[in-house]
Protein chains: 2
Amino acid sequence: MSSYSSSSASSNSPCAACKFLRRKCMQGCIFAPYFPPEEPQKFFNVHKIFGASNVTKLLNELLPHQREDAVNSLAYEADARMKDPVYGCVGAISVLQQQVQLLQKELDAANANLLKYACSYCHPSAHAGHQQVLLPYHSSLQWSNNSDNEQMREKGGYVYGDVDGS
Amino acid sequence: MSSYSSSSASSNSPCAACKFLRRKCMQGCIFAPYFPPEEPQKFFNVHKIFGASNVTKLLNELLPHQREDAVNSLAYEADARMKDPVYGCVGAISVLQQQVQLLQKELDAANANLLKYACSYCHPSAHAGHQQVLLPYHSSLQWSNNSDNEQMREKGGYVYGDVDGS
């Protein structure tokens, strides 16, 4: 985290927010520690998606030590919304939820097969005639990417679960 | 999707957006199909987090058939940010990414064990003395929930990957 004492507001260079908003970057500027002048795109995205006024209100409602994480998560969401104006980062959530479901299903199947082998070791006579080899699953999962989002879009959108899983 | 012809703007009741903003809900109101008067919280959240002006701009940049998905994903993000002002739905992304990594690790281990059993069936003499039973993994994973977010917060925040996995 950039400490405020070393932030742009203490130098002659205004922070990226004040520079974009064409205002003087005063001592105590709430944006200065999180929007350094060398990252103009970060503020541009956050301002375009959330609005500087809303971000100011949100930061003022948080404790100082929470603000950097809040700004970074807002920047992440804003970047995702700029890249995908329809789904934003919710597209990534939907893809990840499907990956978890598929992996859990594959793991359950692998465990069921392992149990069969384990039982046949413990009671070899019960499986004396068993010759079928249950080969491991090989997950075909890839990390979420834009092509996943495109595929999802073609299918007619996402089904969103609650964030807290309830 | 609510068709515009059946939206609130065609009745005497203004849509939730126009009602909140205290303005007349005109024919062609861009909010009316997606913010029915019976769901005031949906607009309240979206307006508080993104601002009505930013949402209007975003919707105007999309094709009409994309707008319902866009509004729903914005509502999802806004709801997550209201519940968790620091991380919003990015917290859920981080938890899901960790679940995927852990599940993949467990699946790889289960598959490796399956391969050992499969080999010992094909070549029983090679493992004649092998009596160790490799029990299946039992995933301890739970779907993301607020307690996960709390744990993450205690660890000092999330590490975010790019949305597109790059």
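Now for a look at the structure at hand. This structure is a prediction, so every number in the text was calculated from the model and none was measured.

### Looking at the packing of aromatic side chains
Next up, step 1: Within this structure, the stated rule accounts for 11 aromatic pairs over all chains.
Next up, step 2: Seen in terms of ring centroids, Phe-50 of chain A and Phe-50 of chain B are 5.1 Å apart; in terms of plane orientation they differ by 15°. Their pairing is stacked. With Phe-50 of chain A in the loop between α2 (40-49) and α3 (52-60) and Phe-50 of chain B in the loop between α2 (40-49) and α3 (52-60), the pair connects residues from two separate chains. Each member of the pair, Phe-50 of chain A as well as Phe-50 of chain B, carries the same accessibility label: buried.
Next up, step 3: What links up through ring pairs into an aromatic cluster is the set Phe-20, Phe-31, Phe-35, Phe-43 and Phe-44 of chain A.
Next up, step 4: Above the plane of the ring of Phe-35 of chain A lies Lys-42 of chain A, whose end atom (NZ or CZ) is 5.5 Å from the centre.

### As for the nonpolar core
It is characteristic of soluble globular proteins that their nonpolar side chains tend to be buried jointly.
Next up, step 1: One finds Phe-31 and Phe-50 of chain A together with Phe-31 and Phe-50 of chain B to be the most contacted residues of the largest nonpolar core, which totals 54 residues.
Next up, step 2: Taken together, the elements giving at least two residues each to this core come down to α1 (16-20), α2, α3 and α4 (64-83) of chain A together with α1 (16-20), α2, α3 and α4 (64-83) of chain B.
Next up, step 3: Each residue touching Phe-50 of chain B, except ones within four places of it in the same chain, is listed here: Ile-49, Phe-50 and Asn-54 of chain A together with Val-55, Leu-74, Glu-77 and Ala-78 of chain B.

### Some points on the pattern of salt bridges
Next up, step 1: Enumeration over the complete set of coordinates arrives at six salt bridges over all chains.
Next up, step 2: Close ionic contact of Glu-77 of chain B with Arg-81 of chain A constitutes a salt bridge, the shortest N to O distance being 2.5 Å. Linking Glu-77 of chain B in helix α4 with Arg-81 of chain A in helix α4, this pair reaches from one chain into another.
Next up, step 3: One salt bridge in this structure joins Lys-83 of chain B and Asp-79 of chain B, with 3.1 Å as the shortest N-O distance. With Lys-83 of chain B and Asp-79 of chain B both in helix α4 and four residues apart, the pair spans about one turn of that helix.
Next up, step 4: Judged by its relative accessible area of 28%, Asp-79 of chain B falls in the partly exposed class.

### Brief notes about the packing of α3 of chain A against α4 of chain A
Residue and element names in this part refer to chain A.
Next up, step 1: Remark: α3 packs on α4, axes separated minimally by 10 Å, with the N-to-C direction vectors making an angle of 150°. When the axes of α3 and α4 are compared, the pair comes out roughly antiparallel. For α3 against α4, the interelement crossing comes out right-handed. Across the interface between the two elements, Val-55, Leu-58, Leu-59 and Asn-60 from α3 touch Arg-67, Ala-70, Val-71 and Leu-74 from α4.
Next up, step 2: Looking at the contact of α3 with α4, its residues break down into six nonpolar, one polar and one charged.

### A closer look at the side chain of Arg-81 of chain A
Next up, step 1: Since its relative accessible area comes to 1%, Arg-81 of chain A is described here as buried.
Next up, step 2: One polar contact links Arg-81 of chain A to Ser-73 of chain B, side chain to side chain, over a distance of 3.1 Å.
Next up, step 3: Ignoring any residue separated from it by four or fewer positions in sequence, one finds Arg-81 of chain A in contact with Ile-49, Val-86, Tyr-87 and Gly-88 of chain A together with Leu-58, Ala-70, Ser-73, Leu-74 and Glu-77 of chain B.

The rules we used
- Residues numbered from 1 in each chain as written.
- Chains lettered and ligands numbered in written order.
- Predicted model: local features only at pLDDT ≥ 70, side-chain atom pairs only at ≥ 80, totals over all residues.
- Heavy atoms only, no water.
- Phe/Tyr/Trp six-rings, centres within 6.5 Å; stacked < 30°, edge-to-face > 60°.
- Helix = DSSP H or I, 4+ residues; strand = E, 2+ residues; numbered from the N terminus.
- Buried < 20%, exposed > 50% of the residue type's maximum accessible area, 1.4 Å probe, protein only.
- Lys NZ or Arg CZ within 6 Å of the ring centre and 35° of its normal.
- Core = buried A, V, L, I, M, F, W, Y, C linked by side-chain atoms within 4.5 Å.
- Contact = heavy atoms within 4.5 Å.
- Salt bridge = Lys/Arg side-chain N within 4 Å of Asp/Glu carboxyl O.
- Axes fitted to C-alpha atoms, helices over the stretch in contact; angles between N-to-C directions.
- Parallel < 35°, antiparallel > 145°, perpendicular 65-115°, else oblique.
- Left-handed = near helix turned anticlockwise from the far one by under 90°.
- Nonpolar A, V, L, I, M, F, W, Y, C, P; charged D, E, K, R; others polar.
- Polar contact = N/O pair within 3.5 Å; in protein donor to acceptor, adjacent residues only side chain to side chain.

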